[in-house]
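Architecture and fold: a report
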Amino acid sequence: MLIAKEELKLNLLTRDPVARLLFLNAFFVIAGYALGNATGGAATGNVSNFKNVFLFVSFAYLIARNKVVNPLTFFDSGFLPLIFGILILYVSIGSGANSESFFRTFAFFIPLIYVYLSLAYLIANFGIKLTLDGLHYSLLVIYCIPLISYIISGGSIQNTNIYGGGSEDQYFASNNYGWSATMYILSYLYVWKDIKFKKYTNLFFGILFPVAIVLLLVSANRASWLSMAVAMMPFFLSYKKIKIVYKILGALVILGFISYLFADPNSSINFAKNKSEAQEQNGESRFETAKVMIDHFNGEPTLWITGVGMFNFNTLKNKDVLHAYHNSYYEILFGAGIPLFLVFLSFMVFRPVRRYIKYYSKYTLLLPPLIILPFFESNLTGGQFLFFPW
């Protein structure tokens, strides 16, 4: 898989069936987006069915081949995600939510447990360090797909704003490029120093690195910008893999490009600035949607405890707001209520952030986008572009 022969341990991980199935599940999501967009949505149904079947087969393999290990040994969350998943299924049934809501809840529960148990298996057999190596390498390969598609479909790196249908190619949207570029850049910074590639592989990924930086900046995706800005704090303060002189040099180059974008009135930065100012005056759609739900919950206070059922958007029907939350955290808060929302935050945000600050910020930069990006998009169910339960 493009890794130099001396990287024998990483080869063992990438050849492990559990690791390969986990990688392929993520790969098919990104490839599925491209195929769906390329066919104008005609292939979306078939692609979705294929991904669901493949996920089921992957999960079945994990159980049938006795690959499940006790998560208490490796995660302080233990069985909490499993208990949480069962409870949200129960809440969705008890709320009287429709069948679509229940099946989407199931589509959140199964991938969550699958990813959790797969990571526990990999850490048990290969250790945290090697699992991190494999994770970063896999993400580098997966999220280079949108970057390559932008180039081969005729996208220009001289374009200062790719937001909007007229300036995007037929495979991915501007927010997809922003998310992909963020994940690629942060994965590359890890892989570049920790994994020895063959010369041509190094050249291939190295060429895509400036492409990722350009796409990140011209995507006009503010969530990606925020994620990268937050990731740069541990990058400069605690990340030990790159010398400070190279960090400063890279920052100066990027700041120079940002200045260039500011000078162009049609650039992504000025577009995002004008959009933010308009939303400040008129209201941001996600927040306006949340206000509707808050008013509804205040009218029936017990809903703060029970929620309305996961992925149940009936309250938003016939309202002059979004017909979904477009926010992974809102999905849990309004769908399952405050108690389960706090449980979710405990094992998906609070504990990972605490451990990241204490132990892992010197090794990896991936956590900030995994925490921040879901606030701007609903990525809970398996098959989403950036599946939240990593």
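Reading the values: rules and limits
- Residues numbered from 1 in each chain as written.
- Predicted model: local features only at pLDDT ≥ 70, side-chain atom pairs only at ≥ 80, totals over all residues.
- Heavy atoms only, no water.
- Helix = DSSP H or I, 4+ residues; strand = E, 2+ residues; numbered from the N terminus.
- Rg over C-alpha atoms; globule rule 2.2 N^0.38 Å.
- Buried < 20%, exposed > 50% of the residue type's maximum accessible area, 1.4 Å probe, protein only.
- Contact = heavy atoms within 4.5 Å.
- Lys, Arg positive; Asp, Glu negative; His and termini not counted.
- Charge placed at Lys NZ, Arg CZ, Asp CG, Glu CD.
- Patch = residues over 30% accessible without salt bridge, like charges linked within 9 Å, V, L, I, M, F, W, Y side chains within 5 Å.
- Areas by Shrake-Rupley, 256 points an atom, 1.4 Å probe, with all protein chains shown as cover.
- Salt bridge = Lys/Arg side-chain N within 4 Å of Asp/Glu carboxyl O.
- Core = buried A, V, L, I, M, F, W, Y, C linked by side-chain atoms within 4.5 Å.

The number of helices and strands found in the chain is 15 helices and 0 strands. In terms of overall dimensions, the chain is globule-like: its C-alpha atoms have a radius of gyration of 21 Å, near the 21 Å expected for 390 residues. Overall, the chain is about 60 × 55 × 45 Å in size when its C-alpha atoms are taken along their principal axes. Across the 390 residues in the chain, those meeting the buried criterion constitute 51%. The long-range share in the chain, meaning contacts at least 24 apart out of those at least 6 apart in sequence, stands at 75%. Taken as two groups, the 29 positive and 19 negative side-chain charges of the chain have centres that lie 14 Å from each other.

Inspection of the secondary structure puts Ser238 in the loop between helix H9 (222-237) and helix H10 (244-263). Excluding residues within four positions of it along the chain, Ser238 makes contact with Ser361 and Lys362.

On to a nonpolar patch on the surface. A cluster of nonpolar side chains, namely Met233, Phe236, Leu237, Ile244, Val245, Tyr246, Ile248, Leu249, Leu252, Val253 and Leu255, defines an oily patch on the protein surface of about 1,100 Å² accessible area. Elements with a minimum of two residues in the nonpolar patch: H9 and H10. Examined against the element boundaries, Ile244 turns out to sit in helix H10. Judged by relative accessible area, Ile244 falls into the partly exposed class, the value being 49%.

Moving on, we come to the pattern of salt bridges. One pass over the structure, following the stated rule, counts 4 salt bridges. Between Arg286 and Glu284 there is a salt bridge; the shortest N-O distance is 2.8 Å. Take Arg286: its relative accessible area is 19%, and that puts it in the buried class. The partner of Lys291 in a salt bridge is Glu288, with the nearest N and O atoms 3.3 Å apart. With Lys291 and Glu288 both in helix H12 (residues 285-299) and 3 residues apart, this pair spans about one turn of that helix. Accessibility expressed as a relative area gives 46% for Lys291, which makes it partly exposed. Using a relative accessible area of 28% as the deciding quantity, one classes Glu288 as partly exposed.

Attention now goes to the nonpolar core. Nonpolar side chains in soluble globular proteins tend to be buried together. Grouped together as the largest cluster of nonpolar side chains are 114 residues, with contacts concentrated most on Phe84, Phe108, Tyr184, Leu189, Leu215, Phe334 and Phe344. Top contributing element to this core by residue count: helix H5 (residues 99-142), with 21 residues. Beyond its immediate sequence surroundings of up to four residues, Phe84 is in contact with Phe108, Leu112, Ile332, Leu340, Val343, Phe344 and Phe347.

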